[in-house]
Amino acid sequence: FADITVRDAEHAHWRVQMPVGKSLEWEVQTVEDRPGELVRWEMLDGASLPGEGALSLKPAPGDRGTEATLRFHFDLPGGAVGNGVAKVLGSVPKVAAAKALRRFKSLAETGEIPTTRPQPAARADKD
């Protein structure tokens, strides 16, 4: 599975569970943000899987909504061996992409990302 935790308007923490029981984690920073058009980010130094990504938006043909295109580029460690492992674990980027697109869809449609974290009640403290 993949989990993305938004830290602030420019930073997020990504964690992807690997099939072998380990996880990869990294911090990303938004490097370009054109609302309604493009969001581009880069993994920060020290990422276990360095790389970058972008989400671009454009009107769908026939005024039928919006097309969203998500692109990732990972700098795989280990050269040819790393590329071989990536082929075996090919679903990891797909899982991360699917999670990112679901979160984006929720944000675009509702203005928030659903969470199971406790929400503060609108009650005053009784101190």
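Since the structure is predicted, the reported quantities are computational estimates derived from the model, not experimental observations. (Residues numbered from 1 in each chain as written. Predicted model: local features only at pLDDT ≥ 70, side-chain atom pairs only at ≥ 80, totals over all residues. Heavy atoms only, no water.)

A. View of the overall build of the protein. What the protein contains, in helices and strands, is 2 helices and 6 strands. In the protein, the order of α-helices and β-strands from amino to carboxyl end is β-β-β-β-β-β-α-α. In the protein, buried positions account for 24% of the 127 residues. Counted over contacts in the protein with a minimum sequence separation of 6, partners at least 24 positions apart contribute 25%. When the accessible area of the protein is evaluated, it comes to approximately 9,200 Å², of which 53% is carbon and sulfur surface. (Helix = DSSP H or I, 4+ residues; strand = E, 2+ residues; numbered from the N terminus. Buried < 20%, exposed > 50% of the residue type's maximum accessible area, 1.4 Å probe, protein only. Contact = heavy atoms within 4.5 Å. Areas by Shrake-Rupley, 256 points an atom, 1.4 Å probe, with all protein chains shown as cover.)

B. Representation of unusual backbone geometry. Look at Asp63: it is not a glycine, yet its phi comes out positive at around 55°. Structurally, Asp63 is set in the loop between strand E5 (51–59) and strand E6 (66–74).

C. How the structure looks around the pairing of E5. Note: strand E4 (residues 38–43) against E5, 5 bridges, orientation antiparallel. Its bridge partner lying in E5, Val39 is registered against Leu55. With 9 bridges connecting them, E5 and E6 associate as antiparallel partners. Counted as the bridge partner of Glu52 is His73 from E6. Hairpin connection, E5 to E6: the antiparallel pair is bridged by 6 residues, and Gly62 has positive phi, about 70°. (Pairing = 2+ DSSP bridges.)

D. Geometry of the pattern of salt bridges. Taken as a whole and assessed by the stated rule, the structure comprises 6 salt bridges. Glu37 is paired through a salt bridge with Arg34; the nearest N and O atoms lie 3.9 Å apart. Using a relative accessible area of 37% as the deciding quantity, one classes Arg34 as partly exposed. Two residues, Arg40 and Glu42, come together in a salt bridge whose shortest N-O distance is 3.7 Å. Taking relative accessible area as the criterion, Glu42 reaches 34% and is therefore assigned partly exposed. (Salt bridge = Lys/Arg side-chain N within 4 Å of Asp/Glu carboxyl O.)

E. Spatial organisation of the side chain of His13. By the element assignment, His13 lies in strand E2 (residues 11–17). Within polar-contact distance, the side chain of His13 engages the side chain of Glu27 at 2.5 Å. Those residues in contact with His13 that sit more than four places away from it in its chain are Asp3, Ile4, Thr5, Arg7, Glu25, Trp26 and Glu27. (Polar contact = N/O pair within 3.5 Å; in protein donor to acceptor, adjacent residues only side chain to side chain.)

F. Layout of the packing of aromatic side chains. On inspection of all chains with the given rule, the structure shows 2 aromatic pairs. Ring plane angle 25° and centroid distance 6.0 Å describe the contact between Trp14 and Trp26, whose orientation is recorded as stacked. Of the two residues, Trp14 sits in strand E2 while Trp26 sits in strand E3 (residues 23–34), which places them 12 residues apart along the sequence. Across the pair, Trp26 and Trp14 agree in class, each one buried. Members of the aromatic cluster, joined through ring pairs, are Trp14, Trp26 and Trp41. (Phe/Tyr/Trp six-rings, centres within 6.5 Å; stacked < 30°, edge-to-face > 60°.)

G. Inspection of the environment of Trp41 at higher detail. Tracing the sequence through the fold places Trp41 in strand E4. Residue classification places Trp41 among the buried residues on the basis of a relative accessible area of 9%. On a C-alpha basis, the gap between Trp41 and Ala54 in space is 6.2 Å, while along the polypeptide they are 13 residues apart. With residues up to four places along the chain from it excluded, the contact list for Trp41 reads Trp14, Val28, Gln29, Thr30, Val31, Glu52, Gly53, Ala54, Leu55, Leu70 and Phe72.

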